[in-house]
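Breakdown of the fold
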Amino acid sequence: MTKQSFAKLGVYGFEPQAPAILAALVTGDPLLLIGKSGTGKTFLLNSISEALGLEHRHYNASLISFDDLVGFPYPDEERTEIRFLETPATIWGAESVLVDEISRCKPEHQNRLFSLVHERRIQGIALKELRYRWAAMNPCTADQGGDEAYLGSEALDPALADRFGIIVDVGDWDALSDADRRRVVDPAGEGALTDDGGALGRQLARWTAEFERELRACPPEILDYATAAVTALRDGGIRVSPRRARLLARSLLAATIVEAHVSDELFLSILRCSLPHRAWGEQPEEEKVRAAHRLAWDLAMLEGTDKWVHQFHLERALDRKAALLLESCPTRDAGTLAIEQFVSLASKERTAAFALAAFPAAAAGKLPIGAEAVNDLGRLAAELLTVDGEISWQERLSESDTNHPDFPVVSKLLGQLEGPRQERARQLLYWCLVNRCVPRKPAVLEAEFNACVTVFAERVYRAERAA
Amino acid sequence: MNWRALLYMLHPGTDGRPPPGVLFNSGGPRSRTRSERLRATILGASDGCIRSPQVRRLGLAFGDADPVDTAWRLLAAEGLHDPEDLRRLFALPPEPLLCRAVPELRPGPISRRSRRKVLEDLLWLGLCTPWMFDPSRPVLWTRASLTRRLEVFEGRGFYA
C-alpha cells in the first residue's frame, strides 16, 4: 500500500523514499527533499497537497521577497497594530507550505524562514492552520558530485537544517525502474489536478490517529534504538543533536505505523533520512551510519528468543503477527511469552480479534505455543465463538424504536460482507458491541482480523491439505 | 411539602424565591435506557458457511457425592486403577475439539446411567478445559473438571 501511495498520485520513482516521506506526513514534522533539478521534488509535494485538498502555498525562495510571504504591512485604524494586506499568495491561512529552492534564498530570508519551519510562526504570529512545512533544494555547492553544478545553491544553516525531521535524497533517472521511466516519459495527464479519491487523506488520518495514540507511550524498542543510534553516530564523529534524537524517535514510530511492520531496512532508511548533514554539504560516511544502525538495532532488539518476542510486539498488523508466529517463532516458550504479553498489553478489541483468529488453530495444536498461551487464547475466544450479552443505550423520551448508536455502522459493514467472512466478522463485532469497545473504524479492524484468519487458514490448513 | 416551603426552611428570608444560582430539577428524566440482547454463535452451526457441528454434550450430576471420589470408585468397580486406562475402553477423536460451557445444562443423576456411559463421560471431562477437548493431554480428574457442563464441537470449519 505505502509503496503505491505516490504512484496513485501520478508521481513515479519515489517508492524507496515513500515510507520516510509518509512518516513525515504523519508526524507533521518539516520535510526537506534534496535532489537534482527535474527529479520531481516539487511535483511530488504539490501533488500531495492537491490529493489532500490542502490550502497550499508554493514559494520560490530564490525569488520571493518577505512582503510576498506576509503581505504589505499597514497600521490598523487605531494605529496600535500592524496588519498585513493579504493576497492569494500570502501565507495566512495556508495548511501546507512548500519553500522551493530553499538553499538559494538570501541569508536574511533564511533566518525569517527559520521560525516558519521551526515553530509555524511568521513575524512572531502563529500560523494556526499550517500543518505541513516542506522544502526542496538542489544539492548544495559543497556537496556536488558528478558533472552538474548548481551555482547559487548554498549550504543551509545547520540550525535551520536541523529543524527538518526528514531529509530525503531524491533519485535521478538512473534510480528509476524501467517501468517508472516509461511512466515519467509519458506526457498523458499533464496539467491535470491530482485526485486519488481521497485515499491518501483517509489513510493518513488513520495513521495519524494511531501515531498520536502510540506517542503517549512510545515503544521502548524505538527509544532504545534512537538513543543507541545517536550515541553511536556521535562516537563515530557524526554529530547529531539531542533534538534530532527526538525527531528520529518520532519518525521511526510513524514509519512503523505507515509500514505496519518493523524491519532492519526500514530503521536504517529512516536513520539515513534523519541525518541533516547533506543540507549543509556534508556527506556522513555510509559505513559509520551502517555501523551505528547495526549496533542500535542489536541493542534494541536484543538477541535470540528475546529479539523475536520484541519483534512480535513491534509488529502492529495482526496478520503479520500471525505470520511471525507461524514462520519464525524460535521456541514454544517464546511463542507462549509473546502471546501472554500481547493478551495483557494490547487493546481489548485487537486482543479479541487475534484470539478469535488464532484459537481454533491453537486448540488443534497447530501453533508453536504452550498450553498456558492456548488457555489464554481460549478464555478470550470462548466469549467470541458464542456471543451472548446485552447492549444498552439512551433514548430520548420523544423517540421510540431507536438503535444502539454503533449498531447501524456494524450492520452496514456486515451487510457488505458475505460467506464465512461475514459469519466470523459478526462474532467479533457483536462481541465489541456487547463489551462497549467498537472501534471508531470497525471496517479497519475487520479487515485486519480477516487478514489474520487468512494467514492461519492458508499456512496451517491449506498447506496441510496440499501435503 | 411544596418546594417553596422547603426552600424557605433552607434559606429563611428569601420569601420562598430561589436565591440566585439555585436551579430546580422540575421534571423526570428526559431519556430512558433501552437495552437489547445480542446473541450469535458459530458453534453448532451445520447450515451456515462455517460448519462446526456438535460432537457431544457433557455433564454429570453427582448429587451430594464427591465427584472425584465417585469417579475413582466407578473406575475401581470397572477393575481399572488409572483414569488413563479408560482410553483402552473408549474410542476418542484423534484431534482436539472446541468446547462451550453450558451452565444451564441439567444432566440426569449418574445413578440412572450405566457405569460405562458415566465412565466415558468422566474420561472426556478429564480431557477438557472450559474451552477445548484435547485427547493428547493427561486425564485430569478434579472437582472443577468433573462438574463442568460442556458442549463439544468440531473447530476445523472456522477457517472455511
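These numbers were taken from a predicted model, which means no experiment stands behind them.

Scanning chain B from N- to C-terminus turns up 5 helices and 5 strands. Looking at chain B residue by residue over its 160 residues, the buried ones come to 41%. Across chain B, every contact between residues at least 6 apart in sequence was considered, and the portion connecting residues at least 24 apart equals 71%. When the accessible surface of chain B is split by element, carbon and sulfur atoms take 53% of a total near 9400 Å².

To continue, consider the overall build of chain A. Regarding its fold elements, chain A presents 19 helices and 10 strands. Out of the 467 residues belonging to chain A, those deemed buried represent 53%. If you take every contact in chain A between residues at least 6 apart in sequence, the share linking residues at least 24 apart comes to 73%. Taken as a whole, chain A presents about 21400 Å² of accessible surface, with 49% of it coming from carbon and sulfur.

Attention shifts here to the packing of helix α15 (residues 348–363) of chain A against helix α16 (residues 371–385) of chain A. Residue and element names in this part refer to chain A. The N-to-C vectors of α15 and α16 enclose an angle of 110 degrees; their axes lie 8 Å apart at closest approach. In this view, α15 runs roughly perpendicular relative to α16, as classed from their interaxial angle. Crossing handedness for the pair α15 and α16: left-handed. Touching Thr 351, Ala 352, Phe 354, Ala 355, Leu 356, Ala 358, Phe 359, Ala 362 and Ala 363 of α15 are Val 374, Leu 377, Gly 378, Leu 380, Ala 381, Leu 384 and Leu 385, all from α16. Across the contact of α15 with α16, the residue classes tally to 14 nonpolar, 2 polar and no charged.

This part takes up the interface of chain A and chain B. On the chain B side, the residues contacting the 48 residues of chain A number 29 residues. Buried area between chain A and chain B, both sides added, is near 3500 Å², and the carbon and sulfur share of it is 58%. Taken together, the connections running from chain A to chain B amount to 4 salt bridges. Run the count over chain A and chain B and you get 24 residue pairs in polar contact (both at pLDDT 80 or more). Sorting the residues of the side of chain A that touches chain B by element identifies α15, α16, β10 (386–396), α18 (419–434) and α19 (442–466) of chain A as the ones contributing at least two each. When residues of the side of chain A that touches chain B are assigned to their parent elements, the largest contribution, 11 residues, is made by β10(A). Taken together, the residues that form the side of chain A that touches chain B break down as 25 nonpolar, 10 polar and 13 charged. Here 11 bridges tie β10(A) to strand β1 (residues 31–41) of chain B, and the two strands are oriented antiparallel to one another. What sits directly across from A:Arg396, in β1(B), is B:Ser31.

On the surface, A:Phe72, A:Tyr74 and A:Leu85 cluster together into a nonpolar patch covering about 320 Å² of accessible area. When you line up the elements, A:Leu85 lands in strand β4 (residues 82–85).

Residue and element names in this part refer to chain A. If you trace the 5 strands from one edge of the open sheet to the other, you get β2-β5-β8-β1-β9, paired in parallel fashion. Of all strands in the sheet, those with a lone pairing partner are β2 (56–60) and β9 (166–169), marking the two edges. Strand-to-strand twist in this sheet, taken as the mean axis angle between neighbours without regard to direction, amounts to 15 degrees. Direction of pairing for β2 relative to strand β5 (residues 96–100): parallel, over a ladder of 5 bridges.

Looking now at helix α2 (residues 41–51) of chain A. Given 3.6 residues to a turn, an α-helix orients residues that are three or four positions apart in the same direction. All names here are of chain A. Counting buried positions along α2 yields 9 of 11 residues, so the element is predominantly enclosed. Against α1 (18–27), β1 (31–34), β2, β5, β8 (132–137) and α7 (199–215) lie the buried residues of α2. Two residues or fewer after α2 comes Gly 53, characterised by a positive phi angle close to 65 degrees.

Further remarks concern the packing of aromatic side chains. Residues and elements named next belong to chain A. Applying the stated criterion across every chain yields a total of 13 aromatic pairs over all chains. Taking the centre distance of 6.4 Å and the plane angle of 90 degrees together, the rings of Phe 312 and Phe 342 count as edge-to-face. In this pair, Phe 312 is assigned in helix α12 (residues 304–314) and Phe 342 in helix α14 (residues 332–345), connecting sequence segments 30 residues apart. Taken individually, Phe 312 and Phe 342 each receive the classification buried, so the pair is uniform in this respect. Taken together through their ring pairs, the aromatic side chains of Trp 308, Phe 312, Phe 342, Phe 354 and Phe 456 make up a single cluster.

Residues and elements named next belong to chain B. With respect to topology, 4 strands assemble into an open sheet ordered β2-β5-β3-β4, the strand pairing being antiparallel. Across the chains shown, the open sheet's two edge strands, defined by having one partner strand only, are β2 (54–58) and β4 (132–133). Judged from the 4 bridges that link them, strand β3 (residues 97–101) and strand β5 (residues 150–153) form a sheet pairing that is antiparallel. Among the inter-strand pairings, Ala 101 is bridged to a residue of β5, identified as Leu 150. Sheet strands in contact with helix α4 (residues 115–126) are β2, β3, β4 and β5, and its direction is about 105 degrees off that of β2.

What follows concerns the nonpolar core. All names here are of chain A. The biggest cluster of nonpolar side chains holds 73 residues, and the ones touching the most others in it are Phe 354, Phe 359 and Phe 456. Ranked by residue count, the leading element in this core is α15, at 11 residues. Leaving out residues up to four positions away in the same chain, Phe 354 has contacts with Phe 312, Leu 318, Lys 321, Ala 322, Leu 325, Ile 339, Phe 342, Leu 377, Cys 452 and Phe 456. With 65 residues, the next largest nonpolar core counts Val 170, Leu 204, Leu 271 and Met 301 among its residues.

Of all residues in chain A, 95% attain a pLDDT of 70 or more, and the chain-wide mean is 88. Within chain A, α12(A) has the poorest average pLDDT of any element, 78, and α18(A) the best, 96.

Next up on the list: the pairing of β3(B). All names here are of chain B. With 4 of 5 residues buried, β3 is to be regarded as a mostly interior element. Two strands pair when backbone bridges link them, and β3 and β4 are joined in this way by 2 bridges, in the antiparallel orientation. Following the sheet pairing, Leu 98 is matched in β4 by Met 132.

Attention now goes to α16(A). Residue and element names in this part refer to chain A. Taking 1.5 Å as the rise per residue, α16 with 15 residues should run 21 Å; its terminal C-alpha atoms sit 20 Å apart, in good agreement. Along α16, the largest kink reaches about 25 degrees and is centred on Arg 379. Of all the positions in α16, only Ala 373, Val 374, Asp 376, Leu 377, Gly 378, Leu 380, Ala 381, Leu 384 and Leu 385 are classed as buried.

This next bit is on the packing of α14(A) against α16(A). Residue and element names in this part refer to chain A. Close contact between α14 and α16 brings their axes to 8 Å; oriented N to C, the two are set at 30 degrees. Here α16 runs roughly parallel to α14, going by the angle between their axes. In the crossing of α14 with α16, the sense of the turn from one axis to the other is left-handed. Of the residues in α16, those in contact with Thr 336, Ile 339, Glu 340 and Val 343 of α14 are Glu 372, Ala 373, Asp 376, Leu 377, Arg 379 and Leu 380.

It is worth spelling out the side chain of B:Ser145 at this point. All names here are of chain B. As for its position among the elements, Ser 145 is in helix α5 (residues 143–146). Exposure remark for Ser 145: the relative accessible area of 3% places this residue in the buried category. Reaching out from Ser 145, the side chain makes a polar contact with the backbone oxygen of Leu 140 at a distance of 3.0 Å. There is a polar contact of 2.9 Å between the side chain of Ser 145 and the backbone nitrogen of Thr 142. Each residue touching Ser 145, except ones within four places of it in the same chain, is listed here: Leu 125 and Leu 140.

About the cut-offs
Residues numbered from 1 in each chain as written. Chains lettered and ligands numbered in written order. Predicted model: local features only at pLDDT ≥ 70, side-chain atom pairs only at ≥ 80, totals over all residues. Heavy atoms only, no water. Helix = DSSP H or I, 4+ residues; strand = E, 2+ residues; numbered from the N terminus. Buried < 20%, exposed > 50% of the residue type's maximum accessible area, 1.4 Å probe, protein only. Contact = heavy atoms within 4.5 Å. Areas by Shrake-Rupley, 256 points an atom, 1.4 Å probe, with all protein chains shown as cover. Axes fitted to C-alpha atoms, helices over the stretch in contact; angles between N-to-C directions. Parallel < 35°, antiparallel > 145°, perpendicular 65-115°, else oblique. Left-handed = near helix turned anticlockwise from the far one by under 90°. Nonpolar A, V, L, I, M, F, W, Y, C, P; charged D, E, K, R; others polar. Buried area = accessible area lost by both parts, 1.4 Å probe. Salt bridge = Lys/Arg side-chain N within 4 Å of Asp/Glu carboxyl O. Polar contact = N/O pair within 3.5 Å; in protein donor to acceptor, adjacent residues only side chain to side chain. Pairing = 2+ DSSP bridges. Patch = residues over 30% accessible without salt bridge, like charges linked within 9 Å, V, L, I, M, F, W, Y side chains within 5 Å. Phe/Tyr/Trp six-rings, centres within 6.5 Å; stacked < 30°, edge-to-face > 60°. Core = buried A, V, L, I, M, F, W, Y, C linked by side-chain atoms within 4.5 Å. pLDDT = per-residue confidence, 0-100. Expected span 1.5 Å × (residues − 1). Bend = angle between axes of the 7 residues up to and from the residue.

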